[in-house]
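A structural walkthrough
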Amino acid sequence: MARILIIGLAGDSGCQVAAIGLHEVLIDILVANELIYAPTLIDAKDIPDNIDVALIEGGIRNTHEVEVVKEIREKSGAVIAFGACAAFGCIPGLANFKDGKELMNLIYNDWRGTDKGIIPTHLETLPEQHPIKHFVKVDYFIPGCPPEVTDIAYMLTTLLNGEVPEYNKTQVCDDCPRERLGEYSTELKRLPEELDDPDRCLLEQGFFCMGPATMGGCGAPCTQSGTVCEGCRGSCLDVDDQGMAMIDAMTGLLTKIKDEFDPDLYSAMLYRFTYAESVLGEIARRNR
Ligand code: SF4
Ligand code: SF4
Ligand code: SF4
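Each value, and the rule that gives it
- Residues numbered from 1 in each chain as written.
- Chains lettered and ligands numbered in written order.
- Predicted model: local features only at pLDDT ≥ 70, side-chain atom pairs only at ≥ 80, totals over all residues.
- Heavy atoms only, no water.
- Near = heavy atom within 4 Å.
- Helix = DSSP H or I, 4+ residues; strand = E, 2+ residues; numbered from the N terminus.
- Buried < 20%, exposed > 50% of the residue type's maximum accessible area, 1.4 Å probe, protein only.
- Contact = heavy atoms within 4.5 Å.
- Core = buried A, V, L, I, M, F, W, Y, C linked by side-chain atoms within 4.5 Å.
- Salt bridge = Lys/Arg side-chain N within 4 Å of Asp/Glu carboxyl O.
- Polar contact = N/O pair within 3.5 Å; in protein donor to acceptor, adjacent residues only side chain to side chain.
- Pairing = 2+ DSSP bridges.
- Axes fitted to C-alpha atoms, helices over the stretch in contact; angles between N-to-C directions.

Bringing the site of ligand 1 into the picture now. What surrounds ligand 1 is the set G11, D12, G14, C15, E57, A84, C85, G144, C145 and P146. Of all the elements in the fold, those that place two or more residues in the shell around ligand 1 are helix 1 (14-20) and helix 4 (84-88).

This paragraph deals with the environment of L265. Mapped onto the fold, L265 is located in helix 11 (residues 263-270). Judged by relative accessible area, which is 63%, L265 ranks as exposed. Residues L265 and V239 lie 26 residues apart in sequence; the distance between their C-alpha atoms is 23 Å.

Right, let's talk about the environment of G8 for a bit. Relative to the helices and strands, G8 is located in strand 1 (residues 3-8). Look at G8 and you get partly exposed, because its relative accessible area is 34%. C-alpha separation for the pair G8 and T170, spaced 162 residues apart in sequence, amounts to 29 Å. Not counting chain neighbours up to four residues away, the residues in contact with G8 comprise Q16 and E57.

As a further point, take the nonpolar core. Judged by nonpolar contacts, the single largest core of 27 residues is most densely connected at L203, F208, M246, M250 and F261. Of all elements in the fold, only helix 9 (242-249), helix 10 (251-257) and helix 11 reach the threshold of two or more residues within this core. Here M250 is in contact with L203, F208 and F261, once residues within four sequence places are set aside. Of all hydrophobic cores here, the second largest spans 26 residues; its members include L5, A54, A86 and F273.

With that settled, consider the pattern of salt bridges. The full count for this structure, using the stated rule, is 14 salt bridges. Taking the shortest distance from any N to any O, the salt bridge between D43 and K45 comes out at 3.4 Å. For D43, a relative accessible area of 69% corresponds to the exposed category. On the basis of relative accessibility, which here comes to 65%, the residue K45 falls in the exposed class. The residue K75 makes a salt bridge to D49 at a minimum N-O spacing of 3.3 Å. With K75 in helix 3 (residues 63-75) and D49 in the loop between strand 2 (34-37) and strand 3 (51-57), this residue pair connects regions lying 26 residues apart in the sequence. Residues joined by salt bridges that share partners form a network here, namely D49, E71 and K75.

Another point: the side chain of T223. Considering the arrangement of structural elements, one finds T223 in helix 8 (residues 221-224). The class for T223 is buried, based on a relative accessible area of 2%. Within the structure, T223 has its side chain in polar contact with the backbone oxygen of A220 (distance 3.4 Å).

Once that is clear, we can look at the sheet that holds strand 7 (residues 140-142). Spatially, 5 strands are ordered 2-1-3-5-7 in an open sheet, and the strand pairing comes out parallel. Unpaired on one side and paired on the other, strand 2 and strand 7 mark the two borders of the sheet. For this sheet the average axis-to-axis angle between neighbouring strands, irrespective of direction, equals 30°. Each of strand 1, strand 3 and strand 5 (76-82) is contacted by helix 3, which is oriented at about 135° to strand 5, the strand it contacts most.

Listing the buried residues of helix 5 (residues 100-110) in full gives G100, L103, M104 and N109. Near the N-terminus of helix 5, the side chain that reaches the backbone nitrogen of K101, with its oxygen 3.1 Å away, is that of D99.

Interpretation note: all reported values are geometric properties and have no functional meaning in isolation.
The following block contains the structure:
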């Protein structure tokens, strides 16, 4: 019987809610193991000792979260970064385009509806949002925002059976049924009514689809329902930087729309889920 911890840091609990979708698998896991800490579900205060599997959702934005994640690491066998926030920074990582002080001023002084000048000081905020691997060794990660139920089930059942989980080695394009012809639009498009061919690859039609640079395994639900892949599963397994991989994959389109493409304007789309772990983010951090 394994002792399981699940905790949410700087995220929105969406990954924990996704885990409820495990249904019978969740019941099987909870019957065969012991959920020893899960503040979203049961009252809990101190981090317990002797944790076998720790699921950490959310990234890190303040010193308290750093202490918590280090304590969990010390007390745990396997640490899993649960979802895109914990694994790569996700949407909260886009805050790193601004310096931390600039951001606090923007939110608490300059934003409409906030009381001027009242910046909370009860937690020591870090200058940037971080994936948990910036502070502790992470053994495994579950990609996605939120993660696919099948990925959660696979990771937990594999680990709890004493086996080593493997990651998906494909890209979202491998799951996508849209037709690719190798010919590209001469303009960038954003609006649904600009879609010329309902069955054709969105990137080839000029839409910013992150499928070629994103880890597969989700079944491409977004492109199948008519919208682009935004890249929520992070980089493909053999790729270090999702945005750079996407620029590489966009070569065919970029040669057609190069005058229209401003990398500064598109950097938040290239790195919507991975800016906090990106090479670009690291360069910006060093130059601050
Ligand atoms: S990865 Fe997505 S669903 Fe999970 S906590 Fe972060 S924002 Fe929420
Ligand atoms: S780029 Fe997007 S639309 Fe085109 S095949 Fe890949 S996932 Fe599908
Ligand atoms: S298609 Fe892209 S954005 Fe949609 S779930 Fe899959 S990885 Fe995430």
